[in-house]
Amino acid sequence: TQQAVRLYDLVQQKLVLKLLPGVKWISSMDVHPQGDNLIVGSYDKKLCWFDMDLSLKPYKSLRYHQAAIRNVAFHRRHPLFASCSDDGTVNVFHGMVYSSLDQNALIVPLKAIKAHDVTDNLGVLFCDFHPTQPWLFTAGCSQGNHEIRLFV
């Protein structure tokens, strides 16, 4: 839905969890490769990290963007995640998930990248990581051109 994330068991066809990020409009989400953590981006500039073993509410709510968050992405091999926004920036974070249940995830902001120009109130529309390398791809419009950029 616009304001909640519902997790279903497809085999039993029933609702398992309903996560409440406390945002007005969810724009994107991504599941951590280990499966127990989730990040949610919203049009009201918030990024929420959920540890589904802890609570139905966010473990951390981050507000590093000045405009709507368009996309969020975890790296599949490295402890990285990113969010991109209509303010033209991409924020890259270190997000370490521990196998021990007595330790919470470690979230550290690493870099704010001015990736694309803002055109018609739209900035960076999409971001994703390379499957094996710590490289970040972004998509947006800069100086009237539709561009995909690679940050190494």
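Treat the numbers as computed from the prediction; the structure is a model and nothing was measured.

1. Brief notes about the overall build of the chain
Along its length, the chain carries zero helices and 13 strands. Start at the N end of the chain and walk to the C end: the helices and strands fall as β-β-β-β-β-β-β-β-β-β-β-β-β. Computed over its C-alpha atoms, the radius of gyration of the chain comes to 16 Å, within 12% of the 15 Å expected for a compact globule of 152 residues. Principal axes of the C-alpha set define a box for the chain whose edges measure 50 × 30 × 30 Å. Within the chain, the proportion of its 152 residues that are buried is 43%. Partitioning the contacts of the chain with sequence separation of at least 6, the portion at a separation of at least 24 is 41%. A total of about 8700 Å² of accessible surface is found on the chain, and carbon and sulfur atoms cover 53% of it. Separation of charge centres in the chain, based on 15 positive and 13 negative side chains, amounts to 5 Å.

2. Examining the pattern of salt bridges
Side chains that differ in sign of charge can pair as their charged atoms come close. Tallying each qualifying case throughout the model produces three salt bridges. Note that Arg76 is salt-bridged to Asp30, the shortest N-O span being 3.0 Å. In this pair, Arg76 sits in the loop between β7 (69–74) and β8 (80–85) while Asp30 sits in strand β3 (residues 26–31), placing the two residues 46 residues apart along the sequence. Relative accessible area serves as the criterion here: at 43%, Arg76 is assigned to the partly exposed category. The class for Asp30 is buried, based on a relative accessible area of 14%.

3. Digging into the layout of surface pockets
In this structure, the largest pocket occupies an estimated 210 Å³ of space. Looking at the largest pocket, it is lined by 14 residues, and the ones nearest its centre are Asp51, Asp53, Tyr98, Ser100 and Leu101. Tallied by class, the residues present in the lining of the largest pocket amount to five nonpolar, six polar and three charged.

4. So, the sheet that holds strand β6 (residues 60–62)
Overall, antiparallel pairing links the four strands, which are arranged β3-β4-β5-β6 in an open sheet. Only two strands of the sheet have a single neighbouring strand rather than two, namely β3 and β6. Averaged over all pairs of adjacent strands, the angle between strand axes in this sheet comes to 20 degrees, irrespective of strand direction. Relative to strand β4 (residues 37–42), β3 is paired through five bridges, and the arrangement is antiparallel. Looking at β4, one finds that Asp30 is bridged to Ile39.

5. Section: the pairing of strand β5 (residues 47–51)
Most of β5 sits inside the fold, with five of its five residues counted as buried. The alternating pattern of β5 places Leu47, Trp49 and Asp51 and Cys48 and Phe50 on opposite faces, both of which are buried. Summarising the sheet, β4 and β5 pair through five bridges and their orientation is antiparallel. Bridged to Val40 within β5 is Cys48. The turn joining β4 and β5, which pair antiparallel and follow one another in sequence, is formed by four residues; a positive phi near 70 degrees is taken by Lys45. Note that β5 and β6 share three bridges and pair antiparallel. When the bridges of β6 are listed, Leu47 appears paired with Leu62.

6. With respect to a nonpolar patch on the surface
A surface patch of nonpolar side chains, about 430 Å² in accessible area, is lined by Phe137, Ile148, Leu150 and Val152. In this structure, Phe137 sits in strand β12 (residues 136–142).

7. Observations regarding the sheet that holds strand β9 (residues 89–96)
Ordered in space as β7-β8-β9-β10, the four strands form an open sheet in which the pairing is antiparallel. Of all strands in the sheet, those with a lone pairing partner are β7 and β10 (106–114), marking the two edges. When strand polarity is set aside, the average angle formed by the axes of neighbouring strands in this sheet is 20 degrees.

Each value, and the rule that gives it
Residues numbered from 1 in each chain as written. Predicted model: local features only at pLDDT ≥ 70, side-chain atom pairs only at ≥ 80, totals over all residues. Heavy atoms only, no water. Helix = DSSP H or I, 4+ residues; strand = E, 2+ residues; numbered from the N terminus. Rg over C-alpha atoms; globule rule 2.2 N^0.38 Å. Buried < 20%, exposed > 50% of the residue type's maximum accessible area, 1.4 Å probe, protein only. Contact = heavy atoms within 4.5 Å. Areas by Shrake-Rupley, 256 points an atom, 1.4 Å probe, with all protein chains shown as cover. Lys, Arg positive; Asp, Glu negative; His and termini not counted. Charge placed at Lys NZ, Arg CZ, Asp CG, Glu CD. Salt bridge = Lys/Arg side-chain N within 4 Å of Asp/Glu carboxyl O. 1 Å grid on protein atoms, 1.4 Å probe; cavity = no way out; pocket = protein on both sides within 12 Å on 5 of 7 lines; lining within 4 Å. Points joined across faces, edges and corners; volume = space filled by probe spheres on them. Nonpolar A, V, L, I, M, F, W, Y, C, P; charged D, E, K, R; others polar. Pairing = 2+ DSSP bridges. Axes fitted to C-alpha atoms, helices over the stretch in contact; angles between N-to-C directions. Patch = residues over 30% accessible without salt bridge, like charges linked within 9 Å, V, L, I, M, F, W, Y side chains within 5 Å.

Read these as spatial facts, not as claims about activity.
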